[in-house]
Amino acid sequence: MKTIVLIGKADERLRVLDACLRKYFRVQLCTEGPQNAIATIKVTAPQLIVVSLSGLGQSDRGLFVDIQREARPIPVLMVGSDAEKLAFGSFYWDDQFKHLASPRGEDELLAAVCERLGVSLAQLQSGALDDDGRKKVLVVDDNANTLRSIKAMLEDRYNVTLANSGMKALTSIGKSRPDVILLDYEMPVCDGRQTLEMIRADEDMADIPVIFLTSVNDKEHIHAVIKLLPAGYLLKPAVPERLIETIEAALQPKG
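What comes next concerns the included structure.

Cut-offs and rules
Residues numbered from 1 in each chain as written. Predicted model: local features only at pLDDT ≥ 70, side-chain atom pairs only at ≥ 80, totals over all residues. Heavy atoms only, no water. Helix = DSSP H or I, 4+ residues; strand = E, 2+ residues; numbered from the N terminus. Contact = heavy atoms within 4.5 Å. Core = buried A, V, L, I, M, F, W, Y, C linked by side-chain atoms within 4.5 Å. Buried < 20%, exposed > 50% of the residue type's maximum accessible area, 1.4 Å probe, protein only. Pairing = 2+ DSSP bridges. Right-handed = clockwise from strand over helix to strand, strands pointing away. Salt bridge = Lys/Arg side-chain N within 4 Å of Asp/Glu carboxyl O. Arc of directions from axis to C-beta.

Structurally, Asp60 is set in the loop between β3 (48-52) and α3 (61-70). Apart from residues no more than four positions distant in its own chain, Asp60 is found in contact with Lys9, Gly55 and Phe88.

Among the nonpolar cores identified, the biggest contains 22 residues, and Ile7, Ile41, Ile49, Val51, Phe64, Ile67 and Met78 are the most heavily contacted of them. Looking at this core, the elements with two or more residues in it are β1 (3-7), α2 (34-44), β3, α3 and β4 (76-80). With residues near it in sequence (within four places) discarded, Met78 still touches Val51, Leu53, Phe64, Phe88, Tyr92, Phe97, Lys98, His99 and Leu100.

The subject of this paragraph is the pairing of strand β2 (residues 26-30). Note: β1 against β2, five bridges, orientation parallel. Its bridge partner being in β2, Thr3 is matched across the sheet by Arg26. Crossover β1 to β2 through helix α1 (residues 12-21) is right-handed.

Moving on, we come to the pattern of salt bridges. In this structure the tally under the stated criterion is 16 salt bridges. Between Glu12 and Arg15 there is a salt bridge whose closest N-O contact spans 2.6 Å. With Glu12 and Arg15 both in helix α1 and three residues apart, the pair spans about one turn of that helix. Look at Arg15 and you get partly exposed, because its relative accessible area is 48%. Here Arg22 ties to Asp18 by a salt bridge, and the two come within 2.6 Å at their closest N and O atoms. Relative accessible area serves as the criterion here: at 14%, Asp18 is assigned to the buried category. Residues participating in the shared-partner salt-bridge network are Lys42, Asp66, Arg69 and Glu70.

Attention now moves to helix α10 (residues 219-227). All of the buried residues along α10 are His221, Ile222 and Val225. Along the axis of α10, the buried positions cluster into a sector of 95°, meaning they face one direction only. Among the exposed residues of α10, those pointing more than 90 degrees away from its buried face are Lys219, Glu220, His223 and Lys227. Summarising the contacts, the buried residues of α10 are in contact with β9 (210-214) and β10 (232-235). Directly beyond the C-terminal end of α10, a positive phi value near 55° is found at Leu229.

In this structure, Pro237 follows Lys236 across a cis peptide bond, with omega equal to -5°. As for its placement among the helices and strands, Pro237 is situated in the loop between β10 and α11 (240-251).

What follows is the structure, given as structure tokens:
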């Protein structure tokens, strides 16, 4: 399922846009201003940005300057009346931005969204876009709160599977091979080191990149983690931007 960041003032138009788009897309709603919008875009890596121009004016132009600078490859669909469009006319010289006069119905909005995404309305409505090839991330941790927290950080960008023990992780890998594994180093019974050893001992799993998560921040402990040569390691609690950066680095082809 493709991801859209929807930006605008919290009003009736934004509510209508949100309700329509959520039928077919994963929508991240942003009503908190330019800095929050850019942070949301960076974390969720959407395929499209939709902006409701309702209530926006000259003082909000910085948002679009920031999008041009920080989110250049992502197409933008700006929805509003011709009068609302006037304040942002200079941006339409840039192919990144397109304007949709306030749509008269759902099909008109969806057709414009599909055009920006480079897909057909028929594909969207048939469900053919549901599998968008997102990478699979397996998160292994014995703490339920940690599992929920990391899932919330990642689920807009990746297909996320959870396991609360090393043995359950191995079972999960056998059913559906992940592209990367986030593995808690400190777990009871079968800890992160033992789980990694079992993964590497299996020919079918050995090349899956593993990123350790650890809550212990002393020199000896970190040295022990690094000696296992993981694809990366992160201290808990994980920071979303750093977590995604580390996953993306681990997913890069080696050599």
